[in-house]
Amino acid sequence: MGEENKIILHGTWASLFSKRVELALKVKGIPYEYVEEDLSNKSPLLLKYNPIHKKVPVLVHNGKPVSESLVILEYIDETWKIGSLILPEDPHERAGVRFWANFIDQHVLLSVAKIWKSTGEEQEKAQEEVLEKMRILEEGMKSTNLEICANDLGLLQILLLTTFGSFKAYEEVLGVKVLVQENTPLLYSCVTSLNELPVVKEICPPHDKLVALLNIYRQNAFKSTTN
Ligand SMILES: N[C@@H](CCC(=O)N[C@@H](CS)C(=O)NCC(=O)O)C(=O)O
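Model, not experiment: these values are computed from the prediction.

Caption draft 1: The overall build of the protein, seen in detail. For the protein, the helix and strand inventory stands at 10 helices and four strands. Counting helices and strands in the order they occur from the N terminus, the protein gives β-α-β-α-β-β-α-α-α-α-α-α-α-α. Expressed along its principal axes, the backbone C-alpha trace of the protein runs to roughly 55 × 45 × 30 Å. Every one of the 227 residues in the protein was classed for burial, and the buried ones make up 49%. The long-range fraction of contacts in the protein, counting pairs at least 24 apart against all pairs at least 6 apart in sequence, stands at 68%. Of the accessible surface of the protein, which amounts to about 11,600 Å², a share of 54% is contributed by carbon and sulfur atoms. The averaged location of the 31 negative side-chain charges in the protein is 5 Å from the averaged location of its 25 positive side-chain charges.

Structure (structure tokens):
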């Protein structure tokens with residue numbers, strides 16, 4: 001890929017949304033330049049490329065920006081017809097994958113965020129909410145015959161991995177489990193086996209570095225709800 005195909009990703013190393021895009025680019029074998037953003041001091045380029053949300057990730061393809069991780073993943077799939085597909089070809093299957101991707105992106109993540117902002121009984125309630133949504137997800141994926149555990153990294157695998165791949169670090173910081181084998185055996189085995197793929201190991205942040213940062217997030221998230 002030459003200058004006519006210059007790809008730059010603005011992200012941050014611990015962002016699950018940035019990791020979605022990194023994983024998709026790696027799965028497709030697309031070379032890219034990576035710009036690490038400091039979210040406490042966003043670069044003028046990030047503000048220029050994503051003036052509405054001012055968030056990472058932003059993919060810049062030949063100078064043209066694309067924002068919002070799910071939009072970027074579809075853009076990558078449609079632009080580079082190489083490697084494995086992120087979304088299935090069949091329109092009905094695509095619709096099913098998009099439905100569950102939105103469920104993870106909106107409902108599951110919302111409940112996970114509640115765990116970060118609570119303690120004690122409130123946190124237990126939030127954990128049960130996550131576990132319930134995971135059960136719905138597992139049943140839904142089974143009944144729509146979506147191959148969640150295939151070794152190809154499609155959209156749902158990418159979302160599951162980036163949401164729950166670092167579940168051990170989450171548990172260490174939060175003190176409660178977010179991915180429980182007895183609750184959702186299929187999702188648990190899917191995430192743990194995909195975690196072993198070399199391409200996934202490449203983008204995984206080191207456990208101790210992540211735990212240190214998540215501890216800060218946890219303190220800040222908790223502080224902002226008690227102030
Ligand atoms: N819906 C967005 C979420 C992106 C997002 O929340 N990015 C965070 C980092 S994890 C961010 O840039 N936050 C900066 C801010 O809120 O100012 C996506 O899917 O790309």
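Back to the text.
Caption draft 2: Representation of the domain arrangement of the protein within the structure. Domain assignment breaks the protein into domain 1 (3-79) and domain 2 (91-226). The straight-line distance from the C-alpha centre of domain 1 to that of domain 2 is 22 Å. The interface is formed by 15 residues belonging to domain 1 together with 20 residues belonging to domain 2. Across the domain 1/domain 2 interface, buried area totals approximately 1,700 Å², and carbon plus sulfur atoms make up 73% of it. If you sort the residues of domain 1 by the area they bury against domain 2, Trp13, Arg20 and Leu23 come out on top, with a joint share of 37%.

Caption draft 3: Geometry of the site of the ligand. Contacts to the ligand come from Ser15, Phe17, Leu39, Lys42, Lys55, Val56, Pro57, Glu68 and Ser69. Separating an oxygen atom of the ligand from a side-chain N or O atom of Lys42 is a distance of 2.5 Å. One of the backbone nitrogen or oxygen atoms of Val56 is found 2.9 Å away from a nitrogen atom of the ligand. Taking 520 Å² as the accessible area of the ligand by itself, protein coverage stands at 72%. Judged by the proximity of its atoms to the pocket grid, the ligand belongs to the largest pocket. Of the residues belonging to the shell around the ligand, the class tally is four nonpolar, two polar and three charged.

Caption draft 4: Seen up close, the pattern of salt bridges. Tallying each qualifying case throughout the model produces 13 salt bridges. As a salt-bridge pair, Glu33 and Lys6 come within 3.0 Å of each other at their nearest N and O atoms. Within this pair, whereas Glu33 is found in strand 2 (residues 33-36), its partner Lys6 is found in the segment before strand 1 (7-11), the two being separated by 27 residues in sequence. Classification of Glu33 by relative accessible area gives partly exposed; the value is 39%. Using a relative accessible area of 32% as the deciding quantity, one classes Lys6 as partly exposed. Of the charged contacts, one joins Glu128 and Arg135 as a salt bridge, the two residues approaching to 2.9 Å between their closest N and O atoms. Under the relative-accessibility criterion, Glu128 is labelled partly exposed at 40%. Linked through salt bridges whose partners overlap, the residues forming this network are Lys114, Glu129 and Lys133.

Caption draft 5: Spatial organisation of the sheet that holds strand 1. Read across the sheet, four strands follow the order 2-1-3-4 without closing on themselves; strand pairing throughout is mixed. Single-partner strands in this sheet number two, and they are strand 2 and strand 4 (64-67). Between one strand axis and the next, the sheet turns by 20 degrees as a mean value, whatever way the strands run. The pairing of strand 1 with strand 2 spans four bridges and is classified as parallel. Bridge pairing in strand 2 links Gly11 to Glu36.

Caption draft 6: Quick peek at the layout of surface pockets. By volume, the largest pocket is sized at about 1,300 Å³. Those elements that place two or more of their residues in the lining of the largest pocket are helix 1 (16-28), helix 3 (69-79), helix 4 (91-116), helix 6 (155-164), helix 9 (198-203) and helix 10 (207-226). Here the lining of the largest pocket gets seven residues from one element, more than from any other, and that element is helix 4. A breakdown of the residues in the lining of the largest pocket according to their chemical character gives 24 nonpolar, 14 polar and eight charged. A domain-level breakdown of the lining of the largest pocket finds at least three residues from each of domain 1 (3-79) and domain 2 (91-226).

So, how was this worked out
- Residues numbered from 1 in each chain as written.
- Predicted model: local features only at pLDDT ≥ 70, side-chain atom pairs only at ≥ 80, totals over all residues.
- Heavy atoms only, no water.
- Helix = DSSP H or I, 4+ residues; strand = E, 2+ residues; numbered from the N terminus.
- Buried < 20%, exposed > 50% of the residue type's maximum accessible area, 1.4 Å probe, protein only.
- Contact = heavy atoms within 4.5 Å.
- Areas by Shrake-Rupley, 256 points an atom, 1.4 Å probe, with all protein chains shown as cover.
- Lys, Arg positive; Asp, Glu negative; His and termini not counted.
- Charge placed at Lys NZ, Arg CZ, Asp CG, Glu CD.
- Domains from an automatic or database assignment.
- Buried area = accessible area lost by both parts, 1.4 Å probe.
- Near = heavy atom within 4 Å.
- Polar contact = N/O pair within 3.5 Å; in protein donor to acceptor, adjacent residues only side chain to side chain.
- 1 Å grid on protein atoms, 1.4 Å probe; cavity = no way out; pocket = protein on both sides within 12 Å on 5 of 7 lines; lining within 4 Å.
- Sits in = over half its atoms within 2 Å of the grid points.
- Nonpolar A, V, L, I, M, F, W, Y, C, P; charged D, E, K, R; others polar.
- Salt bridge = Lys/Arg side-chain N within 4 Å of Asp/Glu carboxyl O.
- Pairing = 2+ DSSP bridges.
- Axes fitted to C-alpha atoms, helices over the stretch in contact; angles between N-to-C directions.
- Points joined across faces, edges and corners; volume = space filled by probe spheres on them.

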